[in-house]
Amino acid sequence: MGKNPKVIHVEDIVVKFAGDSGDGMQLTGSQFSDTSAFIGNDLSTFPDYPAEIRAPQGTIAGVSGFQVHIGEKEITTPGDQADVLVAMNPAALKANMKWIKNGATIIIDIDHFDNKHYKKAGYVEDPLHDGSMEGYNVVKAPITMLTRDTAKPFGLDQKTADRTRNQFVAGLLYWLFNRDIKLGEDFLSNKFKSKPDLVKANIAVLHAGYNYAETIEALSTTFMVDPVKNKKGLFRNITGNQATAWGLLAAAERADKSLFLGSYPITPATEILQEISSRKHLGAVAFQAEDEIAGISSAIGASFAGRLSATTTSGPGLALKGEAIGLAVITELPLVIVDVQRGGPSTGLPTKTEQSDLMQALYGRSGESPVVVLAASTPANCFDYAFEASKIALEHMTPVILLTDGYLANGSELWNIPSTDNLPKIKPPLVEDNDDTYQPYKRDPEKLNRFWAIPGQEGLRHRVGGLEKEDVTGNVSHDALNHQVMVNLRQQKVDKVVDFIPELQVIGDSEGELLVIGWGGTYGGLVSAVNDMRKEGYGISLAHFNYINPLPKNTAEVLSGFKKKIVCEINMGQFAFYLRSKFQKHEFQQFNKVQGLPFFISELKEKFREILDAK
Amino acid sequence: MSEKIIETGTLSRKDFKLDTPVKWCAGCGAHAVLASIQGTIPETGVRKEDVVFVSGIGCSSRFPYYIDTYGFHSLHGRATAIASGIKTANPNLSVWVITGDGDSMAIGGNHFIHIIRRNINVNIILFNNKIYGLTKGQYSPTTPKGSITKTSPEGTIENSFQPGELAMGAQGTFFARVVDTDPKMMKDVLLKAAQHKGTSVVEVLLNCVIFANEVHKEITGKEVRDDHQVYLKHGEPMIFGKNRDKGIRYNCNKMEVVTIGEDGITEDDILVHDATNPDDSTHYNLVRMGLPEFPVAMGVVRAAESTVFESLMHDQVTNAQKHSKIKTVNDLINSGNVFRIDQKS
Ligand code: SF4
């Protein structure tokens, strides 16, 4: 049985799974990703959740997607457009037609391509016969019918049987990518551990999909992606939210503290709260508060009581926390505030990504209220920056805002698992009991932080609060000159953090025609675009910022090496505005997009070429 | 959960006094509460270092600056949320919240009901002067309807809150009411509040001499107080009045005031106070009693047992630590789907 398909070796390939939210496409996507990671491909994934929890079946609003980009080369983004699309119904096809490459392979469940479903998807004409599919390799697979036939002997009701359709798709993909189907079986045995009947049915359907692919004519070529080069060690696939939670836990461990998270559920930050909630075995406490304000307030209380404390949120929540962040600034307590940015203003686009909270993070409080601001730039390095944010907060006694975004939070990539023993120890400025030199606002001469005396400690009773403090003693003071001194000190303390952070690294030459500037979650797209263009011979480099406030020491020096500079952000130009205020001699061009989507490499390159070719 | 207990009696009121000048107006009821609390804490047997006072914003909230313990003068309305974090982070601490009617009933209403619902073992002392003092005389959520204030020149048109009703509505396990002019009652009740496991709310009917002078006069006035207050004591009949001849009883499920010796009523007909009854319906009726039909209920209205949030939280933590195979972050990040890539470059 079977045929001898042509095997094409590809450097990288993008697969998109799309269907109704009930079709299990997220599961098939993760299954495909895990298998890819297992055989050593580099990867990046991005789920595309519908805004509604269960929008009407078959409609565009109900389409749930999952994009995976795998490769033997280093993968930094989930990919602009897909090479392979799985569309479980006409709505999934319609929603994704503009996100697939010319000539892409499109696998559809033909059993759902009928007039009823066309109507739901808003098709006027039958898309399979109106010429719009020309140039694509369309595989019309009777997925529903074959799945039902296969599942029948297992005695599943039709609804449950239909839920295994995603395994038909998985089987088909295992064949298409020359994967060992055993990996799929293992995944299912593990997934439905407690339900052996379901495992059997799913595995049967998986095989059905595999066998079907082997026999049909439309799939005459298969793909082969070799293991990634230049990577070695232990890896796992990790999302930004998971990495953020784990970074906080690692920091607590390295500081000999237990973690306290005070938070309120909000898309797209909720998974961090969920993850910490299930980490009590590491001594972590997650306090699900009654609102955003109580979330941060409880965290401030826990920080006063001596814990590593954090609060997680998204833009609207950060707005509500503004007053309390001011309290953490004036009481000079360590606190990590994670803002997983989403489209705004107001409720905006909760499930879509944006970088538009930068100004809010920097300035969104009453009074002169400086805080340290960091930004993670890949799903995996959310771990590093959550750790770093905690370290700075604890060692410098300051609130730190960590900016991630919906794209990093839900996206995943391969993470080279570190050993926590290699992470630096975190040493908060604690005070010995009965230290009679202790004064609440006495400072460390180097970092300018005050010291952390914790309730329960003997001989260190003191009071903190939101009223202006007298220098050194911490008594309430309305004195005019003292206020000036304290405002200066709080600013200088944050400025001094610059001596404890790494310099800005330039990707590419340190001098050239064009410096591309980015920060946070746009890294993957920017680095791909810049590297591609460097290969084409362009004098282009990338400076990507993770430290926003303070900016790395050598920033001015980096900027000076380039004739032109362009700041690319998923907002209307907030970082460009910030850089202009700091580096007034320099001119910055802007490339901005606010569509709830990350940058596409193609649009970046087009823009950069336009600047460089214009000479 | 264990509270570190040291021998009682080793500390006294003066151990909790600070040198800082107390800046409340002369004659403000807050002075008396401060003295009572400073006198009560030594009797709770808690180490001085384990006591934390948290306050919000308002006249009352300057309190932490006047007592020699750890203190946190926080944000308007947020003291209960901050205290929740402190107590959950370290259950060994004895945590007190000082708040006012604006702080806890208006801007902090949400945190007030939720700390009570969770039953976090914190003592909330609510200074109810029925006015905004610090901002100089605007009506608050407890200001009686019709009152003329700076923001209600024609009289307020809002119904007012009874803090006790909110506490009961939020499934409160401890609610008490005291007046600032009765130091003995205050100390008695404060000690019971401190000993209660769970959130204790003590409403202090407090006089603001400047902006709402004598607002509680009908309750606290020397002439009327015996007839207008019923001091509830667990296990004792609810008898009150100058001649101790009035009492409360149920008549067809409705509370009423009766006179002992009239219409054949004897002491046996009078309701005996059961503060510990899990069913809060009588407590609810008691906090709602008001003049002129009823006396105002004073003392501990409710002191019922229930689970305490931070104890359960720490039980869950201990249990998870005992049973999970994942002991460190290294274990965690190496658990589950981990892949070895061994590709030669
Ligand atoms: S204004 Fe009223 S409540 Fe405030 S301190 Fe003066 S008397 Fe007390």
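Our subject is the structure listed above.
This is a predicted model, so every value here is computed, not measured.

### Re the site of the ligand
Looking at the ligand, the residues that line it are Trp24(B), Cys25(B), Cys28(B), Cys59(B), Asn129(B), Cys208(B), Val209(B), Ile210(B) and Phe211(B). Taken together, the residues that form the shell around the ligand break down as 8 nonpolar, 1 polar and no charged.

### A short note on the packing of helix H1 (residues 25–38) of chain A against helix H6 (residues 165–176) of chain A
Residue and element names in this part refer to chain A. It is at 9 Å that the axes of H1 and H6 come closest, and there the two elements cross at 30°. With respect to their mutual orientation, H1 and H6 come out roughly parallel. Crossing geometry of H1 relative to H6 is assigned as right-handed. Together, Met25, Leu27, Thr28, Gln31, Phe32 and Thr35 of H1 and Asn166, Gln167, Val169, Ala170, Leu173 and Tyr174 of H6 make up the contact between the two elements. Among the residues making up the contact of H1 with H6, the classes are represented as 7 nonpolar, 5 polar and no charged.

### Considerations on the interface of chain B and chain A
The partner chain A presents 71 residues to the 59 residues of chain B that form the contact. Carbon and sulfur atoms supply 62% of the area buried between chain B and chain A, which totals about 5500 Å² over both sides. A per-residue breakdown of the area chain B buries against chain A is headed by Tyr70(B), Phe339(B) and Ile341(B), which together make up 15% of the total. Taken together, the connections running from chain B to chain A amount to 5 salt bridges. Among the ionic pairs, Glu49(B) bridges to Arg461(A), the shortest N-O distance being 3.4 Å. The set of elements that each furnish at least two residues to the side of chain B that touches chain A consists of strand S2 (70–73), helix H2 (79–89), helix H4 (109–118), helix H10 (309–323), helix H11 (329–333) and strand S12 (339–342) of chain B. By residue class, the composition of the side of chain B that touches chain A is 25 nonpolar, 23 polar and 11 charged. Relative to S12(B), strand S9 (residues 232–239) of chain A is paired through 4 bridges, and the arrangement is antiparallel. Bridge pairing in S12(B) places Gly233(A) opposite Ile341(B).

### Remarks on the sheet that holds strand S22 (residues 562–569) of chain A
All names here are of chain A. If you walk across this open sheet you meet the 5 strands as S18-S20-S19-S22-S23, and the pairing is mixed. This sheet does not close on itself; its edge strands, each paired only once, are strand S18 (506–507) and strand S23 (589–592). Against the sheet, helix H17 (residues 523–535) makes contact with S18, strand S19 (512–519), strand S20 (540–545) and S22, and its axis sits at roughly 165° relative to S20, the strand it touches most. Against the sheet, helix H20 (residues 601–614) engages S19, S20, S22 and S23, with an angle of about 155° to S22.

### Brief notes about the packing of helix H7 (residues 181–191) of chain A against helix H8 (residues 196–215) of chain A
Residues and elements named next belong to chain A. Running from N to C, H7 and H8 point in directions that differ by 155°, and their axes come no closer than 9 Å. What the angle tells us is that H7 and H8 run roughly antiparallel. Along this stretch, H7 crosses H8, giving a crossing that reads as right-handed. Contacts between H7 and H8 involve Ile181, Gly184, Glu185, Leu188 and Ser189 from the former and Val199, Asn202, Ile203, Leu206, His207 and Tyr210 from the latter. For the contact of H7 with H8, the class distribution of residues is 6 nonpolar, 4 polar and 1 charged.

### Examining the side chain of Gln138(B)
Along the chain, the position of Gln138(B) falls in the loop between strand S4 (122–128) and helix H5 (163–169). Among the polar contacts made by the side chain of Gln138(B), one reaches the side chain of Thr135(B) at a distance of 2.5 Å.

### Some remarks on the side chain of Lys469(A)
Tracing the backbone shows Lys469(A) in the loop between strand S17 (463–465) and helix H16 (480–495). One buried charged residue, Lys469(A), remains without a salt bridge, the closest side chain of opposite sign being Glu468(A) at 6.7 Å. In contact with Lys469(A), not counting residues within four places along its chain, are Ile330(A), Tyr441(A), Val464(A), Gly474(A), Asn475(A), Ser477(A), Asn482(A), Met486(A) and Tyr65(B).

### A look at helix H9 (residues 281–288) of chain B
Count 3.6 residues to each turn of an α-helix, and residues three or four apart come out pointing the same way. Residues and elements named next belong to chain B. Considered for burial, the residues of H9 that qualify are His283, Leu286 and Val287. Projected down its long axis, H9 shows its buried positions confined to an angular sector of 95°, all on one face. On the buried face of H9, the contacting elements are H5, strand S5 (174–179), strand S7 (229–232), strand S10 (254–259) and strand S11 (296–303).

Reading the values: rules and limits
Residues numbered from 1 in each chain as written. Chains lettered and ligands numbered in written order. Predicted model: local features only at pLDDT ≥ 70, side-chain atom pairs only at ≥ 80, totals over all residues. Heavy atoms only, no water. Near = heavy atom within 4 Å. Nonpolar A, V, L, I, M, F, W, Y, C, P; charged D, E, K, R; others polar. Axes fitted to C-alpha atoms, helices over the stretch in contact; angles between N-to-C directions. Helix = DSSP H or I, 4+ residues; strand = E, 2+ residues; numbered from the N terminus. Parallel < 35°, antiparallel > 145°, perpendicular 65-115°, else oblique. Left-handed = near helix turned anticlockwise from the far one by under 90°. Contact = heavy atoms within 4.5 Å. Buried area = accessible area lost by both parts, 1.4 Å probe. Salt bridge = Lys/Arg side-chain N within 4 Å of Asp/Glu carboxyl O. Pairing = 2+ DSSP bridges. Polar contact = N/O pair within 3.5 Å; in protein donor to acceptor, adjacent residues only side chain to side chain. Buried < 20%, exposed > 50% of the residue type's maximum accessible area, 1.4 Å probe, protein only. Lys, Arg positive; Asp, Glu negative; His and termini not counted. Arc of directions from axis to C-beta.

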